[in-house]
Amino acid sequence: MNNDLHALRRILKSCPTLAVVGLSAEWHRPSYFAAKYMQSHGFRIVPVNPRYAGGQVLGETCYASLQDIPFKVDMVDVFRRSEDVLPIAQQAVQIGARCLWQQLGVANPEADALARQAGMDSVTNRCVKIEHARLFGGLNWVGVNTGIISARRLV
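None of the values given here were measured: they were computed from a predicted structure.

Chemist: Would you take a moment to explain the pattern of salt bridges for this structure?
Modeler: Between side chains of opposite charge, a pair can form when the charged atoms approach closely. Scanning the model with the defined rule gives nine salt bridges in all. Here Arg-81 ties to Glu-83 by a salt bridge, and the two come within 3.3 Å at their closest N and O atoms. One network of salt bridges, in which partners are shared, links Arg-80, Arg-81, Glu-83 and Asp-84.

Laid out in structure tokens, this is it:
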């Protein structure tokens with residue numbers, strides 16, 4: 001696993017295109033929130049969700065599976081249950097992704113081992129948004145910088 005700070009920084013600097021598996025079109029879902037943050041920081045987001053395939057999420061065309069994406073992606077960011085990750089990891093290897101990122105609360109050891117065996121970077125149980133904000137200055141004193149929640153009174 002590449003959960004150390006230097007590896008996380010290197011991964012985030014070298015993976016500008018993120019296929020977000022399980023990305024929801026609902027603004028209040030964690031996958032949407034994280035993907036929107038990454039998009040606002042210059043990353044290209046590629047939604048992967050069969051529910052929205054052919055439509056758009058965050059202004060990007062949504063695909064049913066990783067294999068349907070007609071261009072190269074650098075990172076596969078997984079918002080699925082741990083037991084669902086192994087087939088996603090297999091697809092990530094097949095499409096030549098450079099990193100498999102299992103989101104906070106998601107950790108499939110077999111998928112992690114498969115990705116590493118294929119020469120990919122692999123991150124488990126970490127939020128790509130939180131790590132980017134932590135490593136590149138997006139956190140403020142309360143831990144998040146959303147612009148939505150504030151301790152200041154509205155005048």
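There is more to say after this.
Chemist: Please clarify how the packing of helix H3 (residues 85–95) against helix H4 (residues 109–117) should be interpreted in this entry.
Modeler: The description of two packed helices rests on the angle between their axes and on the distance between the axes. Relative orientation of the contacting elements H3 and H4 amounts to 10°, with a least axis distance of 8 Å. One way to sum up the angle between H3 and H4 is to call them roughly parallel. Counting all contacts with H3, which are made through Val-85, Leu-86, Ala-89, Gln-90 and Val-93, the residues of H4 involved are Glu-110, Ala-111 and Leu-114. Each residue belonging to the contact of H3 with H4 can be placed in one class, and the counts come to six nonpolar, one polar and one charged.

Chemist: Which parts of the structure should I look at to understand the packing of aromatic side chains?
Modeler: Each aromatic ring pair is characterised by the separation of its centres together with the angle its planes make. Counted by the stated rule, this structure contains one aromatic pair. Between Tyr-63 and Phe-71, the ring centres sit 6.4 Å apart and the planes meet at 80°, which makes this aromatic pair edge-to-face. Over the face of the ring belonging to Phe-136 we find Arg-9, whose NZ or CZ atom lies 5.4 Å from the ring centre. A cation sits over an aromatic face here: Lys-129 above Tyr-37, 4.5 Å from the ring centre.

Chemist: How should I be thinking about the sheet that holds strand S7 (residues 121–123) in this particular structure?
Modeler: In a beta sheet, neighbouring strands are held together by backbone hydrogen bonds and run either parallel or antiparallel to one another. Sheet architecture is open: five strands sit in the order S2-S1-S5-S6-S7, paired in parallel fashion. Strands at the two margins of the open sheet, each flanked by one partner only, are strand S2 (44–48) and S7. Taking the axes of each pair of neighbouring strands and ignoring which way they run, one obtains an average angle of 20° across the sheet. On top of the sheet, H4 reaches strand S6 (99–102) and S7; it is set at about 165° to S6, its chief contact.

Chemist: Hey, could you run me through the nonpolar core in this one?
Modeler: For soluble globular proteins, the rule of thumb is that nonpolar side chains tend to be buried together. Grouped together as the largest cluster of nonpolar side chains are 26 residues, with contacts concentrated most on Leu-18, Met-38, Met-75 and Trp-101. Mapped onto this core, the elements with two or more residues apiece are helix H1 (5–14), strand S1 (17–21), helix H2 (30–40), S6 and helix H5 (128–136). Element by element, the count of residues in this core is highest for H2, at five residues. Core analysis: the next-biggest nonpolar cluster, separate from the first, contains 20 residues, Val-46, Ile-88, Val-106 and Ala-115 among them.

Chemist: Help me out: how do you make sense of unusual backbone geometry in this one?
Modeler: Outside of glycine, negative phi angles account for most residues, and trans bonds account for most peptide bonds. At Leu-58, a residue that is not glycine, the phi angle is positive and equals roughly 55°. By the secondary structure assignment, Leu-58 is in the loop between strand S3 (56–57) and strand S4 (60–61). Backbone geometry places Asn-125, a non-glycine residue, at a positive phi of 55°. Within the secondary structure, Asn-125 sits in the loop between S7 and H5.

About the thresholds
- Residues numbered from 1 in each chain as written.
- Predicted model: local features only at pLDDT ≥ 70, side-chain atom pairs only at ≥ 80, totals over all residues.
- Heavy atoms only, no water.
- Salt bridge = Lys/Arg side-chain N within 4 Å of Asp/Glu carboxyl O.
- Axes fitted to C-alpha atoms, helices over the stretch in contact; angles between N-to-C directions.
- Helix = DSSP H or I, 4+ residues; strand = E, 2+ residues; numbered from the N terminus.
- Parallel < 35°, antiparallel > 145°, perpendicular 65-115°, else oblique.
- Contact = heavy atoms within 4.5 Å.
- Nonpolar A, V, L, I, M, F, W, Y, C, P; charged D, E, K, R; others polar.
- Phe/Tyr/Trp six-rings, centres within 6.5 Å; stacked < 30°, edge-to-face > 60°.
- Lys NZ or Arg CZ within 6 Å of the ring centre and 35° of its normal.
- Pairing = 2+ DSSP bridges.
- Core = buried A, V, L, I, M, F, W, Y, C linked by side-chain atoms within 4.5 Å.
- Buried < 20%, exposed > 50% of the residue type's maximum accessible area, 1.4 Å probe, protein only.

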